[in-house]
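Listed below are the residues making up each chain.
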Number of protein chains: 2
Amino acid sequence: MTKPALVGIDWGTTRFRAYLIDETGAVIERISSDDGIMAVKPGGFPAVLAIRCGMWLARDPNIPVLMAGMVGSRNGWVEAPYRACPASSSDLSQAMMPIDIGNGRIAHIVPGLSTRDETGAPDVLRGEETLALGTGLHDGVVILPGTHSKWIRIEKGLMKGFSTFMTGEFYATLLGHTILSALRKEPDHPSGFEKGLRAAERGGGLTHQAFSARTSVLLGDMTGEEVAPFLSGLLIGSEILNAVALYPQSKAITLIAEGVIAENYKKALHAKNLDCTVMSPETAFIKGLYHLRPKG
Amino acid sequence: MTKPALVGIDWGTTRFRAYLIDETGAVIERISSDDGIMAVKPGGFPAVLAIRCGMWLARDPNIPVLMAGMVGSRNGWVEAPYRACPASSSDLSQAMMPIDIGNGRIAHIVPGLSTRDETGAPDVLRGEETLALGTGLHDGVVILPGTHSKWIRIEKGLMKGFSTFMTGEFYATLLGHTILSALRKEPDHPSGFEKGLRAAERGGGLTHQAFSARTSVLLGDMTGEEVAPFLSGLLIGSEILNAVALYPQSKAITLIAEGVIAENYKKALHAKNLDCTVMSPETAFIKGLYHLRPKG
């Protein structure tokens, strides 16, 4: 058996994921539970950590513990202030927040990042900085699709800035609470996705093209089964269109996603003649945290 | 007392509004109730009309009755098929749907309009065609803000085409069901509106700029009281930006709105150096229907 070298914890809003990682960065054991920070009562963080990872910690009293994600937010264990971009991995290492996890042990929380675009508008992320590091990308863009998709721009190994798109949240909200909701029929038919991508390229913007789904169903141009994939294509297509306009010079793209979401983004990028490398979120997280581990 | 010449009915989804109109187009009496088509049981339309307008009809057995709005939709009294653009007022007159309202009387329902943009994407409206006619605009654009805002392009007195923007519905849905909901504090502070207008002009699109409200509050750039006006400014600003790009040549703009909505759109148009004439929805409706009345 390889030697444990790091306990890495991805502690998000709804999920708790912990990894026992060896000296080479490989996973020895993994734990996953629904102890996301929303489910933890005030003061309850040490107990959750002890219950989920106590055996690893007892086995090796000196193993470093690194945590990333919403555990470092205002509603988490302790607030790890955002590190302003541009930021390198060593900037992140130095800005890690020490936290007493009991029995005289100190763990560290990776801070999130903040940025301002050229107009001064602010943006923040937390957790994605670690996954982006895990790509090992030196120059290019990392896309992290999701409820709040993130596009992180990397130049010469520095995270220079990033932009958030509420793609996943718009999808769920518009599908659940607008006229599109009554139009949608299941099972979804994937042909709607490419219609949505094409709609994103037409003029009029999101509020105009979302309505076109309603009209298209009314006039028989589209089926109810195509409505949800259409909305998905429209939102993902708009995200890519707008993000590419923000970062026009980006060549290398790494997409951190898996399953249907990865397929959809690949399809949407391909439609704009963009290629991407795909990495799973778990792989990116583990590589990123391993990269941030205390060395020597 | 002037002589009644027309019973005009604006029968929408949630409201029933009827006007007794004289020979000059002036209103003699008005009735308003919540008998919108959603509240009318199958087969219940003749009874609602009789209850609300029976006295007017009895007083003048030959008075013409014109109806417009969702009463002519699939869920209304009878479906009056959409008239394809371009359409003149006489095209609309000829396409009116006769309907037996009892006692041998025939009323007419004004049809809605359908259009396709140059990419073939369809759009529809119902009710707004009558208000647009009421502006008397010969060349220009009519803006009808609302749940589903409509921009109607008029050339040489012909309604050439139009575009729908789900501005009002996005506002209510995003404010009610996304992370913006928890951020919002009341009472609203109007300073958020201009911040939203400026955000609409920045890159990144709606899903990106909506998230900037969240970040701005988090970082102290904006107050919770500014969140709802910010979203309103962002959505109205985006609507105008996108609509102006669709109709770049438009000079004369008539805005059919009143109260806060009219003020907000005027402010947003002004920020783009666009002027507009404002007309109230009731005035536009009555003028439009009066224009469509049977003559001679």
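Residues numbered from 1 in each chain as written. Chains lettered and ligands numbered in written order. Predicted model: local features only at pLDDT ≥ 70, side-chain atom pairs only at ≥ 80, totals over all residues. Heavy atoms only, no water.

A.B. asks: Help me understand helix α1 (residues 45-59) of chain A in this model?
C.D. replies: Within an α-helix, residues lying three or four positions from one another point in the same direction, as the helix has 3.6 residues per turn. Residues and elements named next belong to chain A. Here α1 contains 15 residues, and its C-alpha end-to-end distance of 20 Å stays within 8% of the 21 Å for a straight helix at 1.5 Å per residue. The sharpest bend along α1 measures roughly 75° and falls at Cys-53. When α1 is considered as a whole, its buried residues turn out to be Phe-45, Val-48, Leu-49, Cys-53, Trp-56 and Leu-57. Check the buried side of α1 and you find it contacts β1 (4-11), β2 (16-22), β3 (27-33), β4 (65-68), β6 (97-102) and β7 (105-109). (Helix = DSSP H or I, 4+ residues; strand = E, 2+ residues; numbered from the N terminus. Expected span 1.5 Å × (residues − 1). Bend = angle between axes of the 7 residues up to and from the residue. Buried < 20%, exposed > 50% of the residue type's maximum accessible area, 1.4 Å probe, protein only. Contact = heavy atoms within 4.5 Å.)

A.B. asks: How should I be thinking about the interface of chain B and chain A in this particular structure?
C.D. replies: Quoted interface sizes are often the accessible area lost when the parts come together. Across the contact, 41 residues belong to chain B and 41 residues belong to chain A. Roughly 3800 Å² of surface becomes buried between chain B and chain A when both sides are summed, with 68% attributable to carbon and sulfur atoms. Broken down residue by residue, the surface that chain B buries against chain A is led by Met-166, Thr-207 and Phe-211 of chain B, which jointly contribute 16%. The residue Arg-116 of chain A makes a salt bridge to Asp-221 of chain B at a minimum N-O spacing of 2.8 Å. Our count for the contact surface shared by chain B and chain A stands at 12 residue pairs in polar contact (both at pLDDT 80 or more). Of all elements in the fold, only β9 (122-125), β12 (158-165), α4 (167-177), α7 (205-218) and α8 (227-246) of chain B reach the threshold of two or more residues within the side of chain B that touches chain A. Per element, the largest residue contribution to the side of chain B that touches chain A is 11 residues, and it comes from α7 of chain B. Class assignment of the residues belonging to the side of chain B that touches chain A gives a composition of 16 nonpolar, 17 polar and eight charged. (Buried area = accessible area lost by both parts, 1.4 Å probe. Salt bridge = Lys/Arg side-chain N within 4 Å of Asp/Glu carboxyl O. Polar contact = N/O pair within 3.5 Å; in protein donor to acceptor, adjacent residues only side chain to side chain. Nonpolar A, V, L, I, M, F, W, Y, C, P; charged D, E, K, R; others polar.)

A.B. asks: Honestly, the sheet that holds strand β5 (residues 83-84) of chain A in this entry has me stumped. Any pointers?
C.D. replies: Sheets are built from strands paired through backbone hydrogen bonds, the pairs being either parallel or antiparallel. Residues and elements named next belong to chain A. Spatial ordering of the open sheet is given by β5-β8-β9, a layout of three strands whose pairing is mixed. Edge strands, defined here as strands with exactly one partner in the open sheet, are β5 and β9 (122-125). Sheet analysis places β5 next to strand β8 (residues 113-116), joined by two bridges and oriented parallel. Bridge pairing in β8 links Ala-84 to Ser-114. (Pairing = 2+ DSSP bridges.)

A.B. asks: So what exactly am I meant to see when it comes to the packing of α4 of chain B against α8 of chain B here?
C.D. replies: All names here are of chain B. Where α4 contacts α8, the two axes come as close as 10 Å, and the packing angle between them is 150°. Comparing the axis directions of α4 and α8 gives the class roughly antiparallel. Judged by the sense of rotation from one axis to the other, the crossing of α4 with α8 is right-handed. Listed contacts from α8 to Thr-167, Phe-170, Tyr-171, Leu-174 and Leu-175 of α4 are Val-227, Ala-228, Leu-231, Ser-232, Leu-235, Ile-236 and Glu-239. Residue classes in the contact of α4 with α8 are distributed as nine nonpolar, two polar and one charged. (Axes fitted to C-alpha atoms, helices over the stretch in contact; angles between N-to-C directions. Parallel < 35°, antiparallel > 145°, perpendicular 65-115°, else oblique. Left-handed = near helix turned anticlockwise from the far one by under 90°.)

A.B. asks: Looking at this structure, how should I read the domain arrangement of chain A?
C.D. replies: All names here are of chain A. The assigned domain composition of chain A is domain 1 (4-126) and domain 2 (131-296). Look at where the C-alpha atoms of domain 1 and domain 2 centre, and you get two points 26 Å apart. Of the residues lining the interface, 30 residues belong to domain 1; the matching set on domain 2 comes to 20 residues. The junction of domain 1 with domain 2 conceals about 2100 Å² of combined surface from both sides, 72% of it contributed by carbon and sulfur atoms. In this structure, Glu-282 and Arg-30 form a salt bridge, with 2.3 Å as the shortest nitrogen-oxygen distance. Counting across the domain 1 and domain 2 interface gives seven residue pairs in polar contact (both at pLDDT 80 or more). When its residues are assigned to classes, the side of domain 1 that touches domain 2 shows 17 nonpolar, eight polar and five charged. (Domains from an automatic or database assignment.)

A.B. asks: Got a minute to help me understand the packing of aromatic side chains in this structure?
C.D. replies: Aromatic ring pairs are defined here through the distance separating the ring centres and the angle between the ring planes. Using the criterion set out here, one finds 11 aromatic pairs over all chains in the structure. Among the aromatic residues, those joined into a cluster by ring pairs are Trp-11, Phe-16, Phe-45 and Trp-77 of chain A. The ring of Tyr-82 of chain A is capped by Arg-126 of chain A, whose NZ or CZ atom sits 4.4 Å from the centre of that ring. Above the face of the Tyr-290 of chain B ring, Arg-293 of chain B is positioned so that its terminal group lies 3.8 Å from the ring centre. (Phe/Tyr/Trp six-rings, centres within 6.5 Å; stacked < 30°, edge-to-face > 60°. Lys NZ or Arg CZ within 6 Å of the ring centre and 35° of its normal.)

A.B. asks: Even after reading the chapter, I still don't get the pattern of salt bridges, so can you show me in this structure?
C.D. replies: Once the charged atoms of two side chains with opposite charge are near each other, the side chains can pair. With the rule as written, the count across this model stands at 24 salt bridges over all chains. A salt bridge links Arg-83 of chain A to Asp-91 of chain A; the shortest N-O distance between them is 3.4 Å. Using a relative accessible area of 26% as the deciding quantity, one classes Arg-83 of chain A as partly exposed. The salt bridge partner of Lys-272 of chain B is Glu-201 of chain B, with a shortest N-O separation of 3.0 Å. Of this pair, Lys-272 of chain B sits in the loop between α9 (259-270) and β14 (277-279) while Glu-201 of chain B sits in helix α6 (residues 191-201), and the two are 71 residues apart along the sequence. A relative accessible area of 26% places Lys-272 of chain B in the partly exposed class. With a relative accessible area of 44%, Glu-201 of chain B lands in the partly exposed category. Overlapping salt bridges bring together Arg-184, Glu-186 and Asp-188 of chain A as one network.

A.B. asks: Which parts of the structure should I look at to understand the nonpolar core?
C.D. replies: Soluble, globular proteins show a tendency: their nonpolar side chains are buried together. Phe-170, Leu-180 and Leu-234 of chain A together with Phe-170, Leu-180, Leu-206 and Leu-234 of chain B are the most contacted members of the largest nonpolar core, which totals 38 residues. The contact partners of Leu-206 of chain B, leaving out residues within four places of it in the chain, are Phe-170, Leu-206 and Thr-207 of chain A together with Phe-170, Leu-234, Leu-235 and Ser-238 of chain B. (Core = buried A, V, L, I, M, F, W, Y, C linked by side-chain atoms within 4.5 Å.)

A.B. asks: Would you mind showing me how to read unusual backbone geometry here?
C.D. replies: In most cases, non-glycine residues show a negative phi, while peptide bonds are predominantly trans. The omega torsion of the bond from Glu-186 of chain A to Pro-187 of chain A falls at 0°, within 30 degrees of zero and hence cis. Turning to its location among the elements, Pro-187 of chain A is positioned in the loop between α5 (179-183) and α6 (191-201). The backbone of Lys-156 of chain A shows a phi angle near 50°, a positive value even though the residue is not glycine. Structurally, Lys-156 of chain A can be placed in the loop between β11 (149-155) and β12 (158-165). The class of Lys-156 of chain A is exposed, set by a relative accessible area of 69%. At Asn-103 of chain B, a position not held by glycine, the phi torsion is positive, near 55°. On the accessibility criterion, Asn-103 of chain B (79% relative accessible area) is exposed.

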